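Summary of the model geometry
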Amino acid sequence: MKDDKKLTLWERYLTQEIGIEFKACLYFFAFLFFYCCYRMLNGIFDASILHMTVLIFTCYFIGYIQVYLLWNFDEADSLGVREIFGMVICTALYCIVSWFGNWFDKRIVVTLVFAAYILLTYFCVFLIYRSKRRIDDKKLNEELRLFQTNHQKK
């Protein structure tokens, strides 16, 4: 008889894919916000569909790199050398794409500010995931205590 409590390979894969989807949307929104602010500060009140298309594909591509090659660093328990290395690698990839995609008119200062913004975003997302895990742990522990209390009464 199969143990229904263990995750199947499909469930593990699906969990990873949902995580990548979430990351792509989250980072796309954050980086699109930066891009739009840059455009508005330069008196341009529309955004390039080509830039947005490349940005979303880049977010998905880098999401796969994060999850499958770089230890899913933004969901780590703590920030160590490995996690910071992952953040720097992905930041460099975003900046390279932004440079060659001409998102910020090949302005080095804006690209460097974008890099700092990306690193700040990664750090904030790391804190959000860590907080979510702690809250989930508390909820699970409380549910376990309730279960144990109810089970002992029977």
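Read on for a plain summary of the structure.

Conventions and cut-offs
- Residues numbered from 1 in each chain as written.
- Predicted model: local features only at pLDDT ≥ 70, side-chain atom pairs only at ≥ 80, totals over all residues.
- Heavy atoms only, no water.
- Phe/Tyr/Trp six-rings, centres within 6.5 Å; stacked < 30°, edge-to-face > 60°.
- Helix = DSSP H or I, 4+ residues; strand = E, 2+ residues; numbered from the N terminus.
- Buried < 20%, exposed > 50% of the residue type's maximum accessible area, 1.4 Å probe, protein only.
- Patch = residues over 30% accessible without salt bridge, like charges linked within 9 Å, V, L, I, M, F, W, Y side chains within 5 Å.
- Areas by Shrake-Rupley, 256 points an atom, 1.4 Å probe, with all protein chains shown as cover.
- Salt bridge = Lys/Arg side-chain N within 4 Å of Asp/Glu carboxyl O.

Some thoughts on the packing of aromatic side chains
- Throughout the structure, instances matching the rule amount to 19 aromatic pairs.
- For the pair Phe31 and Tyr94, a centre-to-centre distance of 4.8 Å together with 70 degrees between the ring planes defines the contact as edge-to-face. Taken together, the residues Phe31 in helix H1 (residues 9-41) and Tyr94 in helix H3 (residues 81-100) connect sequence positions 63 residues apart.
- Taking relative accessible area as the criterion, Phe31 reaches 1% and is therefore assigned buried.
- An angle of 55 degrees between the planes, with centres 4.9 Å apart, marks the rings of Phe104 and Phe114 as tilted. You can see Phe104 sitting in the loop between H3 and helix H4 (108-153) and its partner Phe114 sitting in helix H4, a full 10 residues away along the chain.

Observations regarding a nonpolar patch on the surface
- A grouping of Trp10, Tyr13, Leu14, Ile18, Tyr64, Tyr68 and Leu69 is seen on the molecular surface, where their side chains present a nonpolar patch of about 760 Å² in accessible area.
- Among the elements of the structure, H1 and helix H2 (49-68) are those that each provide at least two residues to the nonpolar patch.
- Broken down by element, the nonpolar patch gets its largest block of residues, 4 residues, from H1.
- Within the secondary structure layout, Ile18 lies in helix H1.

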